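# Observations on the model geometry
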Amino acid sequence: MYIQLLQNALLTRLVDGNDYHLLPDATVVIGDDRIAWVGPDADLPDRYRGADRLDCGGRLLTPGLIDCHTHLVYGGNRAGEFERRLQGEDYGEIARQGGGIMATVRATRSATTEDLVMQSRPRLGALVSEGVTTVEIKSGYGLERDTEIRMLEAAGRLCREAGVRCQRTFLGAHALPPEFFGRADDYIALVCDDMLPAAAAAGVVDAVDAFCEHIAFSVAQTERVFDRAQGLGLPVKCHAEQLSHMGGAVMSASRGALSVDHIEYLPAESVGSLAEANTVAVLLPGAFYILKERQLPPVAALREHGVPIALATDANPGSSPVFSPLLIMNMGCTLFGLTPLEALAGFTINAARALGLADRIGSIEPGKAADLALWNCGHPAELSYHVGLNSCAGVVQGGQWRGGGPPA
Ligand code: DI6
Ligand code: FE
C-alpha cells in the first residue's frame, strides 16, 4: 500500500453527523485511495512515520466539495433570454412560448456528443478549480431517448477525463417536448416504457429525477416516473416546489426520495415528512438569485426537524448559469441565512447524503475515499465570506494530487 501523510493541516471534522469541529495541527494518513487515519500530528502512530509527507502549512483542509445538483451538459446558451428577463419578461412565460428549457433542448439535440463534451468542459473545469471532487450531472435537454442517453454519456466522458467522481441522473421528465403538446401523459408513458429503461440498460443512470411544477409535470405524473425508476432499482429525487406549491416534495419523501431540490414553496408544516423519510433538502440559491425570487425556503423548520441541508450550483443555462460553488456558499449564507459551517456541510456531507454516497465520501474519516480540498484559508468561514476569490490551493482525488502538482 502506498502511504502518504498530509500534515500540519487545519481540519474540519464532523461530530455527531452534523456539526464541525476544528482540529489544528492535524494529520491525514492516506493509504492508496482511502483515508487510513486522522488525528493530531502528535498522535501519529509509529507505523506511518516513514511515509511521504506533505506539509499543509496550517491551512484549511476540507473534504473535496460535492456539487450534488447540476445540469452542466447542454448545447448553446440563453444569454438572449437573460436580456429579455432583464426587460421584465417572466421565466415561466418565456418557457410557455417555446423558449426556456425548450431552447436548450433544440441546441442540445443538434449537438454531437463530442460537441457536448467540448462545450461542457470549461463548465466542469470551473467547478473543479474550486475544489469539487464529485459532481452530479442530469440529462433533461434531450427529451427523447437518444439525446438523453448521449447527454449522460457526455457527462461520463467529461468526468473521466477530468478525473472527477460523477453521478448521473436521468431527467427525462424535465419539460414537455413540443411534439407531445397537449399529451403530457403520453410523454410520461414514453419516459417510463422506453427512454428510462433504455438509459438504464445503457448503464448511464445512477438516479432518476423529475421536474414537478406547473410548467412541467404534475405530482401524479412524477409518481409514475418514480414507480418505473424504483421498479428498476434506481433511487429517486425531485425538483419540487420551486415556483409554486405542488406537493411534489411530500410525495417524494413518502416514497423515500434521496432529496427534494429547490423547495422555496414548501410550507414549514410539511418539513416533518422530509425528516421522517431521511430525505435531504437541496437548496439552490443560484436559481433563487437569477430568477429574483422572493419566497424563501423554510430553513428554520428544516433546522428544527434536523433535515440535512445540502447546497448545489444547479449549474444550467437558464435559471442558474452559475459555476462557482464558493459563490453558492456565499449565497446560501446571505440569501438563505445559513451559517458558513452549514454551507460547508451543504457542499460536503449533506451533498454526499443527497447522492446516497455518505458512506464513501463527504467527510474526513478513516475508510472514506481520500477526496480532499486544501484552501489558502485559516478558517472555514472564509470559504463563504469571499466573493470572486478562489482560495483553493489544490485537491486530492482518490489519493492523488490533481491539477498543478502538490501545493507549495
Ligand atoms: N429547475 C431549474 O432551475 C432548472 N431545471 C429545473 O427543473 C432550469 C433549467 C433551465 O432553465 O434550463
Ligand atoms: Fe435543477
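Above this note sits the structure.
Attention here is on the structure that accompanies the text. Computed from a predicted structure; not experimentally measured. (Residues numbered from 1 in each chain as written. Chains lettered and ligands numbered in written order. Predicted model: local features only at pLDDT ≥ 70, side-chain atom pairs only at ≥ 80, totals over all residues. Heavy atoms only, no water.)

### A look at the overall build of the protein chain
Looking only at helices and strands, the protein chain has 15 helices and 16 strands in total. Seen through its principal axes, the protein chain has C-alpha atoms that stretch 70 × 45 × 45 Å. Split into buried and exposed, the 408 residues of the protein chain put 59% on the buried side. Partitioning the contacts of the protein chain with sequence separation of at least 6, the portion at a separation of at least 24 is 71%. (Helix = DSSP H or I, 4+ residues; strand = E, 2+ residues; numbered from the N terminus. Buried < 20%, exposed > 50% of the residue type's maximum accessible area, 1.4 Å probe, protein only. Contact = heavy atoms within 4.5 Å.)

### Some thoughts on the layout of surface pockets
The volume enclosed by the largest pocket comes to roughly 430 Å³. Taken together, 20 residues form the lining of the largest pocket, with Ala95, Arg96, Met102, Leu176 and Ile215 sitting closest to its centre. Listed by contribution, the elements that provide at least two residues to the lining of the largest pocket are α2 (91-96) and α3 (101-109). Looking at the lining of the largest pocket, its residues break down into 12 nonpolar, 6 polar and 2 charged. Taken as a whole, the second largest pocket encloses approximately 320 Å³ of empty space. For the lining of the second largest pocket, the secondary structure elements donating two or more residues are α1 (79-86), α2 and α10 (285-290). Among the residues making up the lining of the second largest pocket, the classes are represented as 7 nonpolar, 2 polar and 6 charged. (1 Å grid on protein atoms, 1.4 Å probe; cavity = no way out; pocket = protein on both sides within 12 Å on 5 of 7 lines; lining within 4 Å. Points joined across faces, edges and corners; volume = space filled by probe spheres on them. Nonpolar A, V, L, I, M, F, W, Y, C, P; charged D, E, K, R; others polar.)

### Points about the nonpolar core
Counting 98 residues, the largest nonpolar core has Leu72, Val73, Val135, Phe170, Leu302 and Trp375 as its most contacted members. Contacts of leucine 302, omitting those with residues within four sequence positions, involve Ile263, Val271, Leu274, Ala281, Leu283, Val307 and Ile309. Among the nonpolar cores identified, the runner-up in size contains 18 residues, and Ala9, Val28, Ile30 and Trp401 belong to it. (Core = buried A, V, L, I, M, F, W, Y, C linked by side-chain atoms within 4.5 Å.)

### Here's the deal with empty space enclosed by the protein
Summed over all chains, the structure comprises 2 cavities of 30 Å³ or more. The space that makes up the largest cavity amounts to roughly 100 Å³. Lining the largest cavity are 14 residues, with His71, Tyr91, His174, Asn316 and Ser319 sitting closest to its centre. Tallied by class, the residues present in the lining of the largest cavity amount to 4 nonpolar, 8 polar and 2 charged. Every residue along the wall of the second largest cavity is listed here: Glu136, Gln167, Arg168, Thr169, Asp206, Ala207, Lys237, Leu258 and Leu355. Per element, the largest residue contribution to the lining of the second largest cavity is 3 residues, and it comes from strand β8 (residues 165-173). Grouping the constituent residues of the lining of the second largest cavity by class yields 3 nonpolar, 2 polar and 4 charged.

### Things to note about the coordination of the iron ion (ligand 2)
The protein atoms that coordinate the iron ion (ligand 2) are His69 (NE2), His71 (NE2), His239 (NE2) and Asp314 (OD), at distances spanning 2.1 to 2.3 Å. Each of the 4 donor atoms bound to the iron ion (ligand 2) contributes to angles spanning 83 to 167 degrees, and the resulting shape is irregular. Donor residues for the iron ion (ligand 2) sit on one chain with the sequence pattern H-x1-H-x167-H-x74-D. Taken together, the residues span a long stretch of sequence, with histidine 69 in the loop between β6 (65-67) and α1 and aspartate 314 in the loop between β13 (309-311) and α12 (325-334) at a distance of 245 residues. Relative accessible area serves as the criterion here: at 0%, histidine 69 is assigned to the buried category. (Donors = N, O, S within 2.8 Å, 3.2 Å for Na, K, Ca; no water. Tetrahedral: all angles 85-135°; square planar, octahedral: opposite > 155°, others 65-115°.)

### Remarks on the packing of aromatic side chains
Within the structure shown, the criterion is met by 4 aromatic pairs. When the centroid spacing of 6.1 Å and the interplanar angle of 20 degrees are considered together, the rings of tyrosine 187 and phenylalanine 217 count as stacked. Placement of the pair is tyrosine 187 in helix α6 (residues 184-201) and phenylalanine 217 in the loop between β9 (207-212) and α7 (219-231), with a sequence separation of 30 residues. Grouping residues by exposure puts tyrosine 187 and phenylalanine 217 together as buried. Seen from their ring centres, phenylalanine 288 and phenylalanine 336 are 5.0 Å apart, and the 75 degrees between their planes marks the pair as edge-to-face. (Phe/Tyr/Trp six-rings, centres within 6.5 Å; stacked < 30°, edge-to-face > 60°.)

### Some points on the packing of helix α4 (residues 113-129) against helix α5 (residues 145-162)
Running from N to C, α4 and α5 point in directions that differ by 50 degrees, and their axes come no closer than 9 Å. As the angle between them shows, α4 and α5 are arranged oblique. By crossing handedness, the relation of α4 to α5 is classed as right-handed. Judged by residue contacts, Thr113, Glu114, Leu116, Val117, Ser120, Arg121 and Leu124 of α4 engage Arg150, Met151, Ala154, Arg157, Leu158, Cys159, Glu161 and Ala162 from α5. Looking at the contact of α4 with α5 residue by residue, the classes come out as 8 nonpolar, 2 polar and 5 charged. (Axes fitted to C-alpha atoms, helices over the stretch in contact; angles between N-to-C directions. Parallel < 35°, antiparallel > 145°, perpendicular 65-115°, else oblique. Left-handed = near helix turned anticlockwise from the far one by under 90°.)

### A look at the pairing of strand β10 (residues 236-240)
Burial runs high along β10: 5 of the 5 residues are buried. Taking every second residue as pointing to the same face, both faces of β10 are buried, with Val236, Cys238 and Ala240 on one and Lys237 and His239 on the other. Bridging between β9 and β10 involves 5 bridges; their strand directions are parallel. The residue of β10 that forms the bridge with cysteine 212 is alanine 240. In terms of handedness, the path from β9 via α7 over to β10 forms a crossover that is right-handed. Sheet topology note: the β10/strand β11 (residues 259-262) ladder contains 4 bridges and is parallel. (Pairing = 2+ DSSP bridges. Right-handed = clockwise from strand over helix to strand, strands pointing away.)

### A closer look at the pairing of strand β2 (residues 19-31)
As defined by bridge partners, strand β1 (residues 3-15) adjoins β2 across 10 bridges and the pair is classed as antiparallel. If you follow leucine 5 over to β2, its bridge partner there is valine 29. In the sheet, β2 pairs with strand β3 (residues 34-40) via 6 bridges, with the strands oriented antiparallel. Counted as the bridge partner of threonine 27 is glycine 39 from β3.

### Considerations on the site of ligand 1
Near ligand 1, the surroundings consist of 14 residues, among which Arg78, Tyr91, Tyr141, His174 and Ser319 are the closest. In this structure, an oxygen atom belonging to ligand 1 sits 2.6 Å away from a side-chain N or O atom of serine 319. For ligand 1, whose unbound accessible area comes to 320 Å², protein coverage reaches 100%. More than half of the atoms of ligand 1 fall within 2 Å of the grid points belonging to the largest cavity. Partitioned by chemical class, the residues of the shell around ligand 1 number 4 nonpolar, 8 polar and 2 charged. (Near = heavy atom within 4 Å. Polar contact = N/O pair within 3.5 Å; in protein donor to acceptor, adjacent residues only side chain to side chain. Areas by Shrake-Rupley, 256 points an atom, 1.4 Å probe, with all protein chains shown as cover. Sits in = over half its atoms within 2 Å of the grid points.)

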